[in-house]
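Notes for the structure review
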Amino acid sequence: MNGNDIITLGPGLEKPWEITGQTLNTECTPHELRSTLSAPRGSSFPCPECGELCKAHDLKEKTWRHLNFFQHHCYITADVPLIKCNDHGVQRITVPWARKGSKFTLLFEQAALLLVREMPVLAAARIIQIPDKKLWRIVSHYVSESLAKLDLSELKAIGLDESSAKKRHNYVTVLIDLDRQKNPVVFVVPGKGQDTIHQFKRFLTEHGGTADNILEVTCDMSRLFLSGIRKHFSKAEIAVDWFHIVQIFTKAVNKVRVLEAKKRRLPKATRWAVLKNEESTTLSENERNALAELNSMDFFTAIAWRGKERLRWVRRAATPQAAKWRLSNFLLCMAETDLTRSPVLKPIISAIETVIRHRLAIEARCQSGHSNARLEGLNSIFQAAKARARGYRNPETFISMIYLIASPVGNLLKST
Ligand SMILES: [Zn+2]
């Protein structure tokens, strides 16, 4: 290997290709280093379909952007021949240093992907000095290529949740493999509800899995998800995620506080205090006092808050039996509280009704050997994906990023 090889293609330079020219254009900024590759006259090239060596004719000049050489932009130019294969007819050959249809060399694309795994796409695009749109195109190509190789034949337990690329818009549904410790995301799709479940079923079959293998699905209490799962994954036991149950209750507590605040002056610092957990270390002195005052002075907000804390107590049960018993106890205790005495308490009544409606699924959650943390962890994945896609966020880019940072696709990319 000589100096020329190093600055051009490394392993991408294969026979019959050789470097036949190199120029450095210093009249533009940044300077451009242009290499020309050629194959000797009469060379044969493999058919892209079958690999059969065929004679070349009808050359067409093409140019690829290559890795920067220090501060210089590098380009490779070559006359790419057509070949005529006996079985596959006339075809333009695929060059060994770039994939079909790309204006970048493979080495350039690999370097770009390395950066994108570590920083926002916008920043990576600035470093390698290409438009961010083009970088996104590279990313989505490799993500979908790696995704095609994903093997889901062992998938048995899934969890699902949704997020939005922008505030309250462009929802995407994300499915994780509950048994996969690292990079758990296996499917991301635009939209939410029953149709996304159907699309996942199709994806699963295309990747070696079957719907009948899925024995557990953990999700929130959205009716559309639930009916989709019953329809398409009939063998699965549905478990409702604790995160969502507590979230529903926390929202109800907040509503009660807002309603009550219209009628009665609440202790200072109530607002954030009631959203926190009783034993939370982030409770300030004022917030502790607010909780004590709420409890001692018979506020409706205190009733709602105690309900939420009791539900958290159910969640902390050490065994499935204990959880079942605690859940009954929780519902009994709520039934004994007169919640109809003021319309302010209405949000709590409907939160309890939700718990009753999903009681079996909540108990199934307690039976499950899968930890609650899995779905809760999705939230930080969503935040990271949003940050990486900053400035260029739509469902497609958001989805590519989630795959890149939290699915096995990231590992597959490393090995290319
Ligand atoms: Zn052929």
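The shown structure was predicted, so the numbers you read here are calculated from the model rather than taken from an experiment.

Digging into the domain arrangement of the protein chain
One can read the domain layout of the protein chain as domain 1 (3–103) and domain 2 (242–367). Using only C-alpha atoms to locate each centre, domain 1 and domain 2 end up separated by 67 Å.

A few points about helix α5 (residues 194–206)
The α-helix advances 3.6 residues per turn, and as a result positions three or four apart in sequence lie on the same side. In this model α5 runs 19 Å from its N-terminal to its C-terminal C-alpha over 13 residues, within 8% of the 18 Å that 1.5 Å per residue would give. By the burial criterion, the buried members of α5 are Thr-196, Ile-197, Phe-200 and Leu-204. Axial view of α5: buried residues confined to an arc of 100°, hence all on one face. Within α5, the exposed residues directed more than 90 degrees away from the buried face are Arg-202, Thr-205 and Glu-206. On its buried face, α5 is in contact with β8 (169–177), β9 (185–190) and α6 (223–232). At the exit of α5 stands Gly-208, carrying a positive phi of roughly 85°.

Quick word on the packing of helix α11 (residues 320–336) against helix α13 (residues 359–367)
At a minimum axis separation of 8 Å, α11 and α13 run at an interaxial angle of 150°. As summarised for this structure, α11 and α13 are arranged roughly antiparallel, according to the angle between their axes. Note on packing geometry: the crossing formed by α11 with α13 is right-handed. From α11, Pro-320, Ala-323, Lys-324 and Leu-327 reach across to α13, where they touch Arg-359, Ile-362, Glu-363, Cys-366 and Gln-367.

Focus on unusual backbone geometry
Trans is the common state for peptide bonds, and a negative phi is the common state for residues other than glycine. Here the residue pair Lys-15 and Pro-16 is connected by a cis peptide bond, since its omega of 5° sits within 30 degrees of zero. The residue Pro-16 is located in the loop between α1 (3–7) and β1 (18–25) in this model. A cis amide bond links Thr-29 to the next residue, Pro-30, at an omega of -10°. Position of Pro-30 among the secondary structure elements: in the loop between β1 and β2 (32–38). Unusually for a residue other than glycine, Asp-298 sits at a positive phi of about 60°. Looking at where Asp-298 falls in the secondary structure, it is placed in the loop between α9 (285–296) and α10 (300–315).

Digging into the sheet that holds β9
If you walk across this open sheet you meet the five strands as β9-β8-β7-β10-β11, and the pairing is mixed. Strands with a single pairing partner mark the edges of an open sheet, and in this sheet they are β9 and β11 (237–240). For this sheet, the mean angle separating the axes of adjacent strands, direction not counted, is 25°. With five bridges connecting them, β8 and β9 associate as antiparallel partners. Bridging across to β9, Val-172 finds its partner in Pro-190. Packing against the sheet, helix α15 (residues 395–406) makes contact with β7 (157–166), β8 and β9, and its axis sits at approximately 175° to β9.

So, how was this worked out
- Residues numbered from 1 in each chain as written.
- Predicted model: local features only at pLDDT ≥ 70, side-chain atom pairs only at ≥ 80, totals over all residues.
- Domains from an automatic or database assignment.
- Helix = DSSP H or I, 4+ residues; strand = E, 2+ residues; numbered from the N terminus.
- Expected span 1.5 Å × (residues − 1).
- Buried ≥ 20, exposed ≤ 12 C-beta atoms within 10 Å, placed from the backbone.
- Arc of directions from axis to C-beta.
- Contact = placed C-beta atoms within 7 Å.
- Axes fitted to C-alpha atoms, helices over the stretch in contact; angles between N-to-C directions.
- Parallel < 35°, antiparallel > 145°, perpendicular 65-115°, else oblique.
- Left-handed = near helix turned anticlockwise from the far one by under 90°.
- Pairing = 2+ DSSP bridges.

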